[in-house]
Amino acid sequence: MTDHTMRALVATGYGEPERLTIADLPVPRPGPGQIQVRTTVATINPPDLHAISGGFGDALRLEFPYVPGTEFAGTVTEAGPGVTAYRVGDEVFGSALPRPFAPILAAVPRPSLSTGALAEYLVCEADTHLIGLRPAGVPAEQAAALAIAGSTAQALLDVTALKPGESVLVIGATGAVGTTVLPLLAAAGARIIATAAREAGATLLRRLGAHEIIGHDPAGYPSGVDAVFNLALSAARLPDAARALRPGGRLVSIIYPEPTAEQAGRDDVDLHFVWDVAGVHGGMPRVAEAASAGELTAVIAGRYPLADGVRAVVDYARTHPLGKIVVTFPAPGTEATA
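Worth saying up front: this structure is predicted, and the values here are computed from it rather than measured.

Asker: Help me understand the overall build of the chain in this model?
Answerer: In terms of helices and strands, the chain carries eight helices and 17 strands. Taking 338 residues into account, the globule formula puts the C-alpha radius of gyration at 20 Å, and the chain, at 20 Å, falls close to it. Viewed in the frame of its principal axes, the chain has a C-alpha envelope of about 60 × 40 × 40 Å. The burial tally for the chain puts 54% of its 338 residues in the buried class. In the chain, the proportion of contacts linking residues at least 24 apart, taken out of those at least 6 apart, comes to 63%. A total accessible area of about 14000 Å² is found for the chain, and carbon and sulfur atoms account for 54% of it.

Asker: What is the right way to read the pattern of salt bridges from this model?
Answerer: For the structure shown, the criterion picks out 20 salt bridges. Here Arg191 ties to Glu212 by a salt bridge, and the two come within 3.9 Å at their closest N and O atoms. Highlighted residues: Arg191 in strand S11 (residues 191-195) and Glu212 in strand S12 (residues 212-214), separated in sequence by 21 residues. Given a relative accessible area of 39%, Arg191 falls into the partly exposed group. For the salt bridge of Asp315 with Arg311, the shortest nitrogen-to-oxygen distance reads 3.8 Å. With Asp315 and Arg311 both in helix H8 (residues 309-319) and four residues apart, this pair spans about one turn of that helix. On the basis of relative accessibility, which here comes to 45%, the residue Arg311 falls in the partly exposed class.

Asker: Got a minute to help me understand helix H2 (residues 140-160) in this structure?
Answerer: Given 3.6 residues per helical turn, the α-helix brings residues three or four places apart onto the same face. Look at H2: 30 Å from first C-alpha to last across 21 residues, which is about the 30 Å you get at 1.5 Å a residue. Where H2 bends most, at Leu146, the angle is about 55 degrees. Among the 21 residues in H2, 17 count as buried, and that is most of the element.

Asker: Where do I start with the sheet that holds strand S14 (residues 245-253) in this structure?
Answerer: Adjacent strands of a sheet form backbone hydrogen bonds with each other and so pair up, either parallel or antiparallel. One open sheet holds the six strands; their spatial order is S12-S11-S10-S13-S14-S15, and the pairing between them is parallel. Looking along the sheet, the strands with just one partner apiece sit at the ends: S12 and strand S15 (270-273). Within the sheet, the average angular offset between the axes of one strand and its neighbour, ignoring direction, is 20 degrees. Strands in contact with helix H3 (residues 176-187) are strand S10 (167-171), S11 and strand S13 (225-230); relative to S11, the strand with the most contacts, it is inclined by about 160 degrees.

Asker: How do you make sense of the side chain of Ser151 when you look at a structure like this?
Answerer: Assignment of secondary structure puts Ser151 in helix H2. Polar contacts involving the side chain of Ser151 include one to the main-chain carbonyl oxygen of Ala147, which spans 2.7 Å.

Asker: Teacher, can you tell me more about the packing of aromatic side chains here?
Answerer: Between two aromatic rings, the relevant description is the distance of the centres plus the angle of the planes. Per the counting criterion, the structure on display carries two aromatic pairs. An angle of 90 degrees between the planes, with centres 5.0 Å apart, marks the rings of Tyr14 and Phe64 as edge-to-face. Taken together, the positions of Tyr14 in the loop between strand S1 (5-10) and strand S2 (21-26) and Phe64 in the loop between helix H1 (46-52) and strand S4 (71-79) put the pair 50 residues apart, joining distant regions of the chain. Note on Phe64: relative accessible area 30%, which makes it partly exposed. Where Phe56 meets Phe101, the ring centres are 5.5 Å apart and the plane angle is 80 degrees; that geometry is what we call edge-to-face. Of the two residues, Phe56 sits in the loop between H1 and S4 while Phe101 sits in the loop between strand S6 (97-98) and strand S7 (113-114), which places them 45 residues apart along the sequence.

Asker: Hey, could you run me through the packing of H2 against H3 in this one?
Answerer: Two measures define how a pair of helices packs: the angle their axes make with one another and the distance between the axes. At a minimum axis distance of 9 Å, the contact between H2 and H3 shows a crossing angle of 45 degrees. The angle between H2 and H3 places the two elements in the oblique class. In this structure, the crossing between H2 and H3 has a hand that is right-handed. Facing H2, whose interface residues are Leu146, Ala149, Gly150, Thr152, Ala153, Gln154, Leu156 and Leu157, H3 presents Ala176, Val177, Thr180, Val181, Leu184 and Leu185.

Asker: Looking at this model, I keep getting lost on the pairing of S13. Mind explaining?
Answerer: Where a strand is regular, its side chains alternate between the two sheet faces. Within S13, six of the six residues are buried, which leaves it mostly tucked inside the rest of the structure. Examined bridge by bridge, S13 and S14 share five bridges and lie parallel to one another. Bridged to Phe229 within S14 is Val252.

Asker: Explain the nonpolar core to me, please; I cannot follow it from the model alone.
Answerer: A general tendency of soluble globular proteins is for nonpolar side chains to be buried together. Membership of the largest hydrophobic core comes to 50 residues, with the highest contact counts inside it found for Val168, Val170, Leu182, Leu185 and Phe229. Taken together, the elements giving at least two residues each to this core come down to H2, S10, H3, S11, helix H4 (199-208), S13 and helix H7 (283-292). The residues touching Leu185, leaving out its near neighbours within four places in the chain, are Leu157, Leu162, Val168, Val170, Ala190, Ile192 and Phe229.

Asker: Just to check I follow, could you spell out the environment of Asp90 for this structure?
Answerer: Tracing the backbone shows Asp90 in the loop between S4 and strand S5 (91-95). Taking the C-alpha atoms as reference points, Asp90 and Ala301, separated by 211 residues in sequence, lie 28 Å from one another. Looking at Asp90, its side chain comes within polar contact range of the main-chain nitrogen of Arg87, at 2.8 Å.

Asker: Would you mind going over the UniProt feature "domain: Enoyl reductase (ER)" (unreviewed entry) in the chain with me for this structure?
Answerer: Sequence positions flagged by UniProt for "domain: Enoyl reductase (ER)" (unreviewed entry) are, in local numbering, residues 15-327. As a span, residues 15-327 carries 26% helix and 27% strand, and end to end its C-alpha atoms are 21 Å apart.

What counts, and at which threshold
- Residues numbered from 1 in each chain as written.
- Predicted model: local features only at pLDDT ≥ 70, side-chain atom pairs only at ≥ 80, totals over all residues.
- Heavy atoms only, no water.
- Helix = DSSP H or I, 4+ residues; strand = E, 2+ residues; numbered from the N terminus.
- Rg over C-alpha atoms; globule rule 2.2 N^0.38 Å.
- Buried < 20%, exposed > 50% of the residue type's maximum accessible area, 1.4 Å probe, protein only.
- Contact = heavy atoms within 4.5 Å.
- Areas by Shrake-Rupley, 256 points an atom, 1.4 Å probe, with all protein chains shown as cover.
- Salt bridge = Lys/Arg side-chain N within 4 Å of Asp/Glu carboxyl O.
- Expected span 1.5 Å × (residues − 1).
- Bend = angle between axes of the 7 residues up to and from the residue.
- Pairing = 2+ DSSP bridges.
- Axes fitted to C-alpha atoms, helices over the stretch in contact; angles between N-to-C directions.
- Polar contact = N/O pair within 3.5 Å; in protein donor to acceptor, adjacent residues only side chain to side chain.
- Phe/Tyr/Trp six-rings, centres within 6.5 Å; stacked < 30°, edge-to-face > 60°.
- Parallel < 35°, antiparallel > 145°, perpendicular 65-115°, else oblique.
- Left-handed = near helix turned anticlockwise from the far one by under 90°.
- Core = buried A, V, L, I, M, F, W, Y, C linked by side-chain atoms within 4.5 Å.
- UniProt positions renumbered as here; feature names shortened; annotations may be inferred.

Have a look at this one:
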């Protein structure tokens, strides 16, 4: 237990990531069914940018100061009343959206929420499939980076049920989910066509198992593929993705909102939306097992200490990194350095 202040990455109002700051905040304390975690590593994801910019509109109203951050790995430092699954000293990891997201998760039976992962301490719900014990053989950096990308990659394969030899177009392949799912597709025997804008991205995707690299121009998309993973396109551009499919093919999107036949411009393909906020595809226990077995690996694009947290978010937003950007936290009793 701790009762002092902590350092955190903070939004003081809606705006661009350059407006974020590092500030001192009170350390959050766990209530019934919650655990307090000393953060070792946290990551940055698209909802962080969308939230601080006001992009969710009336569906998500923030109170400031607001601490972003969903994925993390760290050490349990206090367990609230009623918690039996974790003890002080346990190494944990997972995915927990900041608490203002609660209205968006109203239909989820046991939503995974926290006080924000981009802080030295966080408090999250203990009884959720999206929090789990970190295996000793999985580094904290990998665990944090795989919480969302790893579980999403597994869900994509579950939903698509690809057979060996089937073809899949991965749009947005150089991001965190894309670089995590490509090795799974290769292991499943799929023929992988992946998009990349830069030669560095193309080189990485080939190393991860892609058979063909194409640019982002929809005119260059193939036709007649069995499945399309949309990891990047907005609803307005779904017809570009859908045109690549054969009749009866599968379009699987991770981009909100859930795709419809009207948006896709086709009623002869199967449409799926993957946003596993309930952990129905196995959650962190499944991610931990696959990561321990070497089946899941995250590509780390950049590492930043908390002192450089603002720059980490700005770089994530402006440079389109190849893989995951992680933020590391100083050990207790030490100071982060720039």
